[in-house]
Amino acid sequence: MKGFLTLSLLLLTSLYWGTEAQILNAESLRKVTDTSGFSGNAAVNFALKRNTRDFLTFSSDIHIQYKMNNHLILLKNDLAFQKIEGADLENSNITHLRYNYKISSRTALEAFSQIQENKINLIAHRALVGAGIRYKLSNSDNYKFYFGTLAMYEHEKLTDGITPIQENIRNSSYLSFSLYPRDNISIISTTYYQPLLKDFNDYRISNQSSLAVEMFKNVTLNISYTFTYDIFPAVGIPSSQYDLSTGIAYSFD
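Residues numbered from 1 in each chain as written. Predicted model: local features only at pLDDT ≥ 70, side-chain atom pairs only at ≥ 80, totals over all residues. Heavy atoms only, no water.

Peer 1: Provide a residue-level description of the overall build of the protein, including the pertinent values.
Peer 2: The helix and strand inventory of the protein stands at one helix and twelve strands. Reading the protein from its N end, one meets helices and strands in the order α-β-β-β-β-β-β-β-β-β-β-β-β. Counting only residues that meet the buried cut, the protein has 45% of its 253 residues in that class. Partitioning the contacts of the protein with sequence separation of at least 6, the portion at a separation of at least 24 is 54%. Of the accessible surface of the protein, which amounts to about 13100 Å², a share of 61% is contributed by carbon and sulfur atoms. (Helix = DSSP H or I, 4+ residues; strand = E, 2+ residues; numbered from the N terminus. Buried < 20%, exposed > 50% of the residue type's maximum accessible area, 1.4 Å probe, protein only. Contact = heavy atoms within 4.5 Å. Areas by Shrake-Rupley, 256 points an atom, 1.4 Å probe, with all protein chains shown as cover.)

Written out as structure tokens, the structure is:
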């Protein structure tokens, strides 16, 4: 228990310094394992993206997972650099911390916190903290379906020169499935819906689908496609955006 509390403190401390944009797919952070202790992966990615312009991205990220009995802690920390029409730009950073407590074979309590930034989307700062419940909808080892719903507080500052600082309460609901057609192949897709509780006409939708193929022991090729829709983005930013990326990840147990 002392090690568990120490790890929690370290993760919460590191959380303060991270930032990113868009809706994070927390399902992509989960590493299937039946053993207690640390596991995770480190990855590098190349991406072709489009919002107001086309640009190329290089990013690196680290996922760390700690499991002990009914407790599960997930940490994501990454940094992305982008090239836009010949100009280099440090675009985004993220640190996301998520805690799960399993209360039955199908149900778990969830809590998370995230700080994010994205210069391209004119998000100077977006801080999130939330909690809710997660349901396992299937018991098969070859395919898994989950549904989660959480309430979250959002503090957001944009750099469009028009939108004031926002402080809101949103719902964050998601439906996720994971398929394992072969031992070395996994397919994960998650769709998020995040309406403002005081105005359901203000919402965000995101879907991320990824294919992971283990090429060698602990070395995986990852291909991901993400689509996001924000009905009220920063002024001058399109409501819909996509992100197609591929990269190599190294996993550890």
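Peer 1: Please provide a residue-by-residue account of the pairing of strand β9 (residues 185-196), values included.
Peer 2: Alignment of strand β8 (residues 166-182) against β9, held across nine bridges, turns out to be antiparallel. If you follow R182 over to β9, its bridge partner there is I185. Counting the residues that bridge the hairpin from β8 to β9 gives two residues. Summarising the sheet, β9 and strand β10 (residues 199-216) pair through twelve bridges and their orientation is antiparallel. Note that in β10 the partner of S189 across the bridge is S209. Taking the residues that link successive antiparallel strands as the turn, the β9-β10 hairpin has two residues. (Pairing = 2+ DSSP bridges.)

Peer 1: So what about the confidence of the model for the protein? Which residues, and what values?
Peer 2: Averaged over all residues, the pLDDT of the protein is 82; the fraction at 70 or higher stands at 81%. Low pLDDT, under 50, characterises residues 1-21; the stretch is placed with 44 contacts to residues that sit more than four places away or in other chains. (pLDDT = per-residue confidence, 0-100.)

Peer 1: Describe the packing of aromatic side chains, listing the residues and the values that go with them.
Peer 2: All chains considered together, the criterion is met by seven aromatic pairs. A centroid spacing of 5.9 Å and a plane angle of 40° characterise the contact between F145 and F177, whose relative ring orientation is tilted. With F145 in strand β7 (residues 143-158) and F177 in strand β8, this residue pair connects regions lying 32 residues apart in the sequence. Residue classification places F177 among the partly exposed positions, given a relative accessible area of 28%. Judged by centre distance (5.5 Å) and plane angle (45°), the rings of Y174 and Y192 are tilted. With a gap of 18 residues between them, Y174 in strand β8 and Y192 in strand β9 connect regions that are remote in the sequence. For the pair shown, Y174 and Y192 are each scored as buried. (Phe/Tyr/Trp six-rings, centres within 6.5 Å; stacked < 30°, edge-to-face > 60°.)

Peer 1: Describe the environment of P233, and please don't skip the residues or the numbers.
Peer 2: Turning to its location among the elements, P233 is positioned in the loop between β11 (219-230) and β12 (240-252). Measuring from C-alpha to C-alpha, the distance between P233 and T163 comes to 9.7 Å, with 70 residues separating the pair along the chain.

Peer 1: I'd like to hear about the environment of F58, residue by residue, with values.
Peer 2: With respect to the secondary-structure elements, F58 resides in strand β2 (residues 54-68). The exposure class assigned to F58 is partly exposed, which follows from its relative accessible area of 34%. Considered as a pair, F58 and A80 are 22 residues apart in the sequence and their alpha carbons are 5.9 Å apart. Among residues more than four places away in sequence, those in contact with F58 are V44, N45, F46, L79, A80 and F81.

Peer 1: Just give me the short version of a nonpolar patch on the surface, but keep the residues and values in it.
Peer 2: On the surface, a cluster of nonpolar side chains totalling about 660 Å² of accessible area is made up of V44, F46, F58, F81, M215, F216 and I248. As for its position among the elements, F46 is in strand β1 (residues 37-50). (Patch = residues over 30% accessible without salt bridge, like charges linked within 9 Å, V, L, I, M, F, W, Y side chains within 5 Å. Salt bridge = Lys/Arg side-chain N within 4 Å of Asp/Glu carboxyl O.)

Peer 1: Please provide a residue-by-residue account of the pattern of salt bridges, values included.
Peer 2: Tallied over the full model, the rule gives eight salt bridges. Two residues, R170 and D202, come together in a salt bridge whose shortest N-O distance is 3.1 Å. Here the residue R170 occupies a position in strand β8, and D202 occupies one in strand β10, the gap between them amounting to 32 residues. In this structure D202 comes out as buried when scored by relative accessible area, which is 12%.

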